[in-house]
Every structure is written in C-alpha cells, then in structure tokens.
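The chain contents come next:
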Amino acid sequence: MEDKTHELARAILEAAQLFADEKNVSLPEGFKVLLERPKREGQGDWATNVAMKLAKLFQMSPMALANEIAARVEKGANIDTIEVAAPGFMNVSLTNNWIGDTLAGVLAQGPNYGRNAHGKGRRVQVEFVSANPTGPIHLGHGRGAAVGDVMSSILDFSGWDVEREYYINDAGLQMENLGKSTQSRYFALLGRENEAPFPEDGYPGDYIDDIARNIIDEYGDTLLSKPLDETVSLFRDRTCEQVLEMIRKDLSDFGVNFNVWFSERSLYDDDLVPRTIEILKKHGYAYDKDGAVWFKSTEFGDDKDRVMIRNNGVPTYFTSDTAYLQNKYERKFDLLIYVWGADHHGYVPRIRSVNKALGASDESLEFLLIQFVSLLRNGVPVSMSKRAGTFVTLREVMDEVGRDATRFSFVNRKCDSHLDFDLEIAKQTSSDNPVYYVQYAHARICSILREAAARGVSVPDVKEADLGLLGEPSEIRMAKEISRFPEEVMKAAQNLEPHKIAFYATDLAEAFHAFYNTLKVLGETEGVMKARLLLVEATRITISNALRLLGVEAPERM
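These figures come from a predicted structure and were not determined experimentally.

## Let's talk about the overall build of the protein
Next up, step 1: Within the protein, the secondary structure is distributed over 19 helices and 14 strands.
Next up, step 2: Principal-axis analysis of the C-alpha atoms places the extent of the protein at approximately 90 × 65 × 40 Å.
Next up, step 3: Out of the 558 residues belonging to the protein, those deemed buried represent 51%.
Next up, step 4: Taking contacts inside the protein between residues at least 6 apart in sequence as the whole, the part at least 24 apart equals 72%.
Next up, step 5: Accessible surface for the protein amounts to roughly 25600 Å². Of this, 47% is attributable to carbon and sulfur atoms.
Next up, step 6: One finds the centroid of the 65 positive side-chain charges in the protein at a distance of 2 Å from the centroid of its 84 negative side-chain charges.

## Observations concerning the environment of Ile-448
Next up, step 1: Summarising the element assignment, Ile-448 is placed in helix 16 (residues 434-454).
Next up, step 2: Of the residues examined, Ile-448 reaches a relative accessible area of 10% and is grouped as buried.
Next up, step 3: On a C-alpha basis, the gap between Ile-448 and Lys-520 in space is 9.8 Å, while along the polypeptide they are 72 residues apart.
Next up, step 4: When sequence neighbours within four positions are dropped, the list of residues in contact with Ile-448 reads Phe-512, Tyr-516, Val-521 and Leu-522.

## Observations regarding the sheet that holds strand 8 (residues 292-295)
Next up, step 1: Pairing is antiparallel across the open sheet formed by three strands, whose spatial order is 7-8-9. The sheet terminates laterally at strand 7 (286-289) and strand 9 (306-309), the two strands that pair on one side only. Averaged over all neighbouring strand pairs, the angle between strand axes comes to 40 degrees, with direction disregarded.
Next up, step 2: For strand 7 and strand 8, the ladder comprises four bridges, and the chain directions are antiparallel. Bridging from a neighbouring strand, Lys-289 pairs with Ala-292 of strand 8.
Next up, step 3: The strands that helix 10 (residues 272-282) touches are strand 7, strand 8 and strand 9; relative to strand 7, the one it contacts most, it runs at about 100 degrees.

## A closer look at the environment of Ile-425
Next up, step 1: Turning to its location among the elements, Ile-425 is positioned in helix 15 (residues 423-427).
Next up, step 2: According to the relative accessible area criterion, Ile-425 is partly exposed, its value standing at 37%.
Next up, step 3: Sequence-distant contacts of Ile-425, that is, excluding residues within four places in its chain, are made with Asp-432 and Asn-433.

Criteria and cut-off values
Residues numbered from 1 in each chain as written. Predicted model: local features only at pLDDT ≥ 70, side-chain atom pairs only at ≥ 80, totals over all residues. Heavy atoms only, no water. Helix = DSSP H or I, 4+ residues; strand = E, 2+ residues; numbered from the N terminus. Buried < 20%, exposed > 50% of the residue type's maximum accessible area, 1.4 Å probe, protein only. Contact = heavy atoms within 4.5 Å. Areas by Shrake-Rupley, 256 points an atom, 1.4 Å probe, with all protein chains shown as cover. Lys, Arg positive; Asp, Glu negative; His and termini not counted. Charge placed at Lys NZ, Arg CZ, Asp CG, Glu CD. Pairing = 2+ DSSP bridges. Axes fitted to C-alpha atoms, helices over the stretch in contact; angles between N-to-C directions.

Rendered as structure tokens:
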C-alpha cells in the first residue's frame with residue numbers, strides 16, 4: 001500500500017505541475033503532496049489538501065483549483081475516482097487492485113509486516129520504571145513499565161537500536177530509612193523492639209518483615225550486640241538487594257526485561273558527579289557561592305538558581321540526575337527517552353535546562369509522562385495493599401487478571417490520560433474486555449484455518465486466488481485496516497504514542513468480527529473461499545504482529 005500512496009502523491013503532484021505550467025506559475029521548491037486517510041466513511045480512500053495549500057499561489061479558490069488539478073490527474077490502474085469536497089479537499093477512491101498487493105505483502109513479510117526504517121539504526125535509550133528500590137512495584141509503576149516496554153518494542157520495530165534501562169535510586173536518605181526500617185523489624189522479631197525504634201519515614205509493608213526474617217536466617221541474633229550505626233548499612237544493602245530481586249521478578253513476569261540496571265551509587269563511585277560539575281562550570285553554568293555549588297538555571301527561565309552541592313557537602317537529587325544525563329551522552333545515545341509519572345512534570349524543564357547546558361540539542365531528549373491509575377472493582381475503588389503497606393501492587397493485579405489484560409489496559413489509553421482499571425471488566429470474556437476482544441479475533445481465525453486444514457484445504461498462494469472477488473463492504477474494510485498497520489507503527493514511533501497500536505489492534509479486530517458475523521469463509525465457492533482464506537490469514541498475521549508489539553499473547557484457542 002505504501003508504494004501505491006507514493007504513486008498517487010506523484011500523480012497529483014504531476015497534475016498540479018501541469019496546471020502550474022499552463023498558468024506560468026512556479027510551484028515552491030521541494031513541494032510535496034501529503035495524503036491522509038479520511039476521517040469518515042464515504043470520503044474515499046485518501047484525501048489531500050494540496051489545493052488549499054496552493055490556492056493563494058494560483059490566486060484561485062481552493063475548490064476551483066482542486067477541480068482543475070483533479071481533471072488533470074492521469075487515471076491509472078489504481079485510481080477510480082477523485083471527488084472535490086469543501087473547502088477544497090480532493091478525496092481519492094482507489095480501485096480494488098491494491099488489495100492483492102497488500103495481501104501479498106503481508107504474507108511475504110509475515111512477522112516483519114509493519115517494520116520500517118524510521119530509526120536508521122540510531123541508538124535510543126528508553127529509561128522507565130526506575131522506582132526506588134524501597135518496596136514492591138505499584139500499579140502506577142506498572143503502567144509506566146507497560147508504556148516503556150511497548151514504546152521500546154515499537155522503536156525496535158521501526159529501525160532503532162533500543163536499550164531499555166532501569167535507574168536504581170540506591171543512594172540518599174530514602175535508602176537509609178529503608179535500612180533502618182528492616183533493622184527495626186529485625187530487633188522487633190527478636191524481642192528487642194525498644195532498642196531500634198521504627199523510623200518516622202520508614203517503610204511499613206509486610207515485605208520488610210520478610211526481609212528481616214531472611215537476615216535472621218543469615219546472621220541469627222549476632223547483629224543485636226553491635227551499635228545501630230555500624231549495622232544500618234548492612235540492613236540497607238541486604239534490603240535493597242532483596243527488594244530489587246522482587247522488582248526484577250515482578251517485571252519479568254510482566255514481560256519486561258531491561259538491558260541495563262544502572263546504579264545511582266555508581267555515579268559517585270566513578271567520580272562522575274564532580275566531573276559533570278566541572279563541565280558545567282567550564283560552560284559557565286555552575287558556580288560556587290556561600291560554600292555551596294549552584295546550577296545557573298535562571299539562564300534557562302527558572303525563577304531561581306538551583307543548589308547542586310549543599311554547603312555541608314551533600315549533593316541534591318538534582319545533582320545525581322545531572323551526572324546521570326552526562327553519563328548517557330558519554331554512552332553515545334542519539335535519543336534519550338524518559339518515562340516518568342505525571343507528578344514529575346515540573347521537573348522536566350529543569351532536566352531540559354541541564355541538557356542545554358551540557359551542549360545537547362532539544363531534539364535529543366523526550367519525555368513520556370504517565371498519568372495515575374485508579375483501581376476499581378465493579379466501579380468501586382479498591383483499598384490499599386496490606387503487603388505493600390501504602391499502595392496496590394502490580395503483582396496483585398497480575399495475579400488476579402493476568403499479564404495480558406493488565407498490559408493491554410495500561411496502553412489502551414494515551415499516556416497523559418488518567419486510567420480507571422476495573423478488575424472485573426479485565427476478567428470478562430466479552431467484547432467489553434478490550435484484550436479479550438482482540439485475542440478472540442486471532443483465535444477465531446486460527447479456528448477457521450484449523451477447520452480448513454481438517455477439510456484438506458490450505459491457504460493458497462496469492463497467485464492462485466482471484467482477489468477481485470473480494471468486494472463485500474466488510475472485506476474491503478478489513479483489507480483497509482490491514483493496509484493501515486505500517487502507517488500506525490510509523491506514527492507511533494515518530495510521535496512516541498504506544499497507545500496507537502492498542503487502538504489499531506481493536507479497530508482491526510472489530511473489522512474482522514464484523515466480517516465473521518456477516519460472511520462465511522468455508523463452504524463458499526472455491527474462488528471466494530480461496531480469496532477469503534488469504535484475507536483472514538493476512539488479518540491473523542497483522543493482529544499477531546500488533547499483539548507482539550504490545551507484549552500480549554496471540555492465542556490460537558480461547
């Protein structure tokens with residue numbers, strides 16, 4: 001289908017050039033005809049606003065110019081009609097010749113159908129989840145995990161060299177409080193709770209008790225006799241290790257695996273923090289004042305400069321993020337994508353400021369901000385988790401509704417839209433459950449193909465079928481949806497919009513279910529049966545490819 005759109009754009013451009021020559025008008029250098037799919041049925045297969053763009057140049061109304069250009073378009077084997085619609089659109093309807101080319105392309109490319117070279121082999125790092133290793137992954141982080149993972153898959157499918165990275169916030173006060181929380185539980189479990197008070201900002205979940213028991217298994221009561229200040233680092237490190245293992249397991253079971261787990265502590269161990277500060281000072285964006293080190297953020301529109309190193313020598317969180325950004329560029333990435341919670345939106349301008357201060361371009365940095373998730377059961381909010389202490393965990397939701405329903409639901413809305421996740425809907429085996437609706441389409445097609453095989457009928461070669469027999473509205477609709485997949489992948493990659501693939505998968509499933517409910521595949525005349533077998537097999541391949549990008553299973557039976 002892509003080749004056909006190029007041919008169509010070229011034919012319209014040639015017609016516009018022909019009329020320009022007649023009128024002694026010069027088209028702008030490098031002028032391109034842009035095509036888009038009409039928003040409503042009955043407006044053709046493709047639409048262009050070329051006449052509206054050129055009307056002022058020709059000193060004509062867009063409607064009149066559109067009619068002149070349309071009259072000069074050479075009607076080839078693929079163009080059926082061109083209709084002009086207010087205020088000057090040209091709506092093009094194609095002959096059905098494109099269907100054969102589309103189906104042949106899908107069957108030839110198979111699991112690669114929809115791939116593109118948008119990334120041109122450039123390196124992109126997608127950093128996502130990056131939850132503090134202080135407890136289990138909660139529902140909000142789970143949505144970020146799904147979005148980051150699906151976005152990474154789409155970019156990989158679009159020719160990027162993708163690296164998935166998890167940034168471990170294993171430095172700072174929250175880690176000290178984590179260690180003290182486990183230390184306190186350790187003492188309490190051994191009957192000495194008064195000797196190690198639970199910190200005011202500690203972590204109260206049941207998982208802390210579990211980790212304290214593991215430490216008892218390892219050390220017995222030998223840590224009771226040592227000063228608290230001497231053992232808190234041990235409790236911190238052991239707790240961080242075990243929480244990270246819990247996080248890795250939850251994410252792996254969720255279908256999310258990282259290439260790199262990057263430790264914040266390594267920024268200090270490798271002296272990258274002072275090195276980054278020196279780079280900023282060299283560029284004139286950092287300075288010493290009152291015993292502290294400051295970033296000159298007012299140069300980038302901030303209301304005040306920001307502290308990097310406090311006058312007591314302790315770095316701020318902002319400092320770690322600055323050094324981490326420098327580290328990413330030292331690893332030679334062409335594009336950096338941060339997937340953050342929406343509550344971090346105020347932090348984006350600060351990172352963009354540092355990015356400029358380090359001499360990088362605005363285009364090398366992108367942010368996906370993930371809105372919150374509300375968990376419901378039949379429309380009623382679900383209470384918090386006892387195990388986590390303060391929130392609902394991703395593990396709890398996965399265990400109840402499954403990985404596929406959870407992942408699909410998380411990316412089935414735009415990132416910046418709040419998500420209401422209803423557990424009961426996610427478990428339904430009906431069209432109300434979006435992932436079931438799409439998966440059932442794939443399973444239905446597999447059932448048709450199994451029945452055909454049982455009758456001794458296989459999917460024919462494209463050359464053996466008369467695809468001109470595909471003329472029913474539901475057949476044409478399904479073929480159009482199939483042809484749209486490469487465009488949706490490209491747009492999702494270009495605009496960083498992973499929800500487009502979930503939306504697309506639903507549209508294709510809807511087209512198939514409409515076809516299935518009105519027409520038969522088996523039991524028709526041989527010619528019609530062969531054509532429809534090719535159509536449904538191409539649909540199966542396309543649904544499977546879309547679900548693979550979403551990290552969701554394409555079941556053969558349901």
